[in-house]
Amino acid sequence: SMASPALLMRVVASAYSVAEKAATIVRNVMSAGDLGIVEKAGPNDLQTKADRLVQMSICASLARKFPKVTIIGEEELPTDDVTEDLIEDGHCEEILKKPCPAQYTGIKEEELVIWVDPLDGTKEYTEGLLDHVTVLIGIAYGGKAIAGVINQPYYNYEAGANAGLGRTIWGVLGMGAFGFQLSEAPAGKHIVVTTRSHSSALVNECITALNPDHVIRVGGAGNKIIQLIEGKASAYVFASPGCKKWDTCAPEAILHAVGGKITDIRGNSFQYNKEVKHMNSAGVLATLRNYDYYASRIPNTVKESLVP
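Computed from a predicted model, the values in this text were never measured in an experiment.

Asker: Give a detailed account of the domain arrangement of the chain, specifying residues and quantitative values.
Answerer: Domain assignment breaks the chain into domain 1 (7-178) and domain 2 (191-305). Taking only C-alpha atoms, the centre of domain 1 and the centre of domain 2 are 21 Å apart. The interface of domain 1 with domain 2 comprises 40 residues on the first partner and 30 residues on the second. Surface buried jointly by domain 1 and domain 2 totals about 2600 Å² across both partners, of which 65% is contributed by carbon and sulfur atoms. In this assembly, domain 1 and domain 2 are joined by 3 salt bridges.

Asker: Go over the sheet that holds strand β12 (residues 261-263) with me, naming the residues and quoting the values.
Answerer: Read across the sheet, 5 strands follow the order β10-β9-β11-β13-β12 without closing on themselves; strand pairing throughout is mixed. Looking at the sheet topology across the chains shown, the edges are occupied by β10 (214-217) and β12. Strand-to-strand, the axes of this sheet are offset by a mean angle of 20 degrees, without reference to chain direction. Relative to strand β13 (residues 284-287), strand β11 (residues 235-238) is paired through 3 bridges, and the arrangement is antiparallel. When the sheet's bridge partners are listed, valine 237 is paired in β13 with leucine 285. Across the sheet, helix α5 (residues 201-209) lies against β9 (191-194), β10 and β11, angled at about 170 degrees from β9, the strand it touches most.

Asker: Please set out the packing of aromatic side chains residue by residue, giving values where relevant.
Answerer: Taken as a whole, this structure holds 6 aromatic pairs when the rule is applied. Taking the centre distance of 6.2 Å and the plane angle of 75 degrees together, the rings of tyrosine 154 and tyrosine 157 count as edge-to-face. We classify tyrosine 154 as buried; its relative accessible area is 6%. Assessed through its relative accessible area of 28%, tyrosine 157 is described here as partly exposed. Put simply, the rings of Trp115, Trp246 and Tyr272 pair up and form one aromatic cluster. Between the NZ or CZ atom of arginine 167 and the centre of the ring of tyrosine 155, over which it lies, the distance is 3.8 Å. Directly above the ring of tyrosine 291 sits lysine 261, whose terminal nitrogen or CZ lies 4.4 Å from the centroid.

Quick notes on the rules
- Residues numbered from 1 in each chain as written.
- Predicted model: local features only at pLDDT ≥ 70, side-chain atom pairs only at ≥ 80, totals over all residues.
- Heavy atoms only, no water.
- Domains from an automatic or database assignment.
- Contact = heavy atoms within 4.5 Å.
- Buried area = accessible area lost by both parts, 1.4 Å probe.
- Salt bridge = Lys/Arg side-chain N within 4 Å of Asp/Glu carboxyl O.
- Pairing = 2+ DSSP bridges.
- Helix = DSSP H or I, 4+ residues; strand = E, 2+ residues; numbered from the N terminus.
- Axes fitted to C-alpha atoms, helices over the stretch in contact; angles between N-to-C directions.
- Phe/Tyr/Trp six-rings, centres within 6.5 Å; stacked < 30°, edge-to-face > 60°.
- Buried < 20%, exposed > 50% of the residue type's maximum accessible area, 1.4 Å probe, protein only.
- Lys NZ or Arg CZ within 6 Å of the ring centre and 35° of its normal.

In structure tokens form, the structure reads like this:
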């Protein structure tokens with residue numbers, strides 16, 4: 001008989017379905033019209049009813065199936081009983097059929113940490129920039145991001161009523177990433193994607209030093225990694241604190257699964273063990289290709305201003 005699928009593949013297969021459920025919640029909150037917006041640390045740090053419901057749905061659904069896994073989400077939420085309508089217990093069969101990379105077959109539940117951003121790009125969500133929005137579920141082992149799911153609830157939303165709305169991208173290190181068409185930015189073009197709502201003198205100084213042909217300003221870390229893997233941008237550069245582990249874990253796994261690289265501005269890799277601080281305080285530098293080209297051009301003044 002077939003051996004039952006390895007734990008990692010079961011977690012990824014469940015996270016896939018859980019992310020699809022999350023996307024439905026995100027769309028339902030928007031179409032109901034009451035976003036229930038709360039300011040957290042200020043006008044650029046918002047939380048909506050969708051952030052709250054989606055995090056409850058993701059964390060409760062995964063905790064029920066994998067009780068010993070550590071799950072860390074962005075939102076501070078009461079630990080009330082979650083209503084059954086928020087629970088997703090399905091999984092993606094196609095993912096379960098794929099063999100687990102050998103180095104991950106022996107993983108135990110208590111060795112995994114799942115980092116959840118229920119709605120990445122909340123500010124853009126409230127402003128109707130719906131293609132910027134993603135749901136992020138990142139899976140870490142030994143402090144490394146090894147698998148991830150990114151759902152774009154509004155992918156294709158401008159393509160008309162008959163277009164399929166939304167998509168789910170997923171990946172595992174040693175296996176690859178799926179659900180999108182991998183593409184590289186035009187050769188010889190330096191297209192930098194950066195923050196839309198968290199700009200600063202330092203952010204701009206860093207970008208100017210790279211002398212880019214073009215700068216794209218969009219919301220959401222998940223969205224920026226998608227720009228890299230679909231060839232719309234050649235580097236994601238954010239010379240500022242503000243990004244958190246739940247912003248980078250899923251995107252990092254997917255980017256690394258297709259041969260890309262993400263670090264802080266100083267070139268340090270991110271750690272995802274459960275004890276780690278949540279803030280990526282030395283910013284983000286990510287590319288699908290040519291990482292060294294961009295890393296070598298980050299000014300020392302910028303690096304010195306950002307302390308890990």
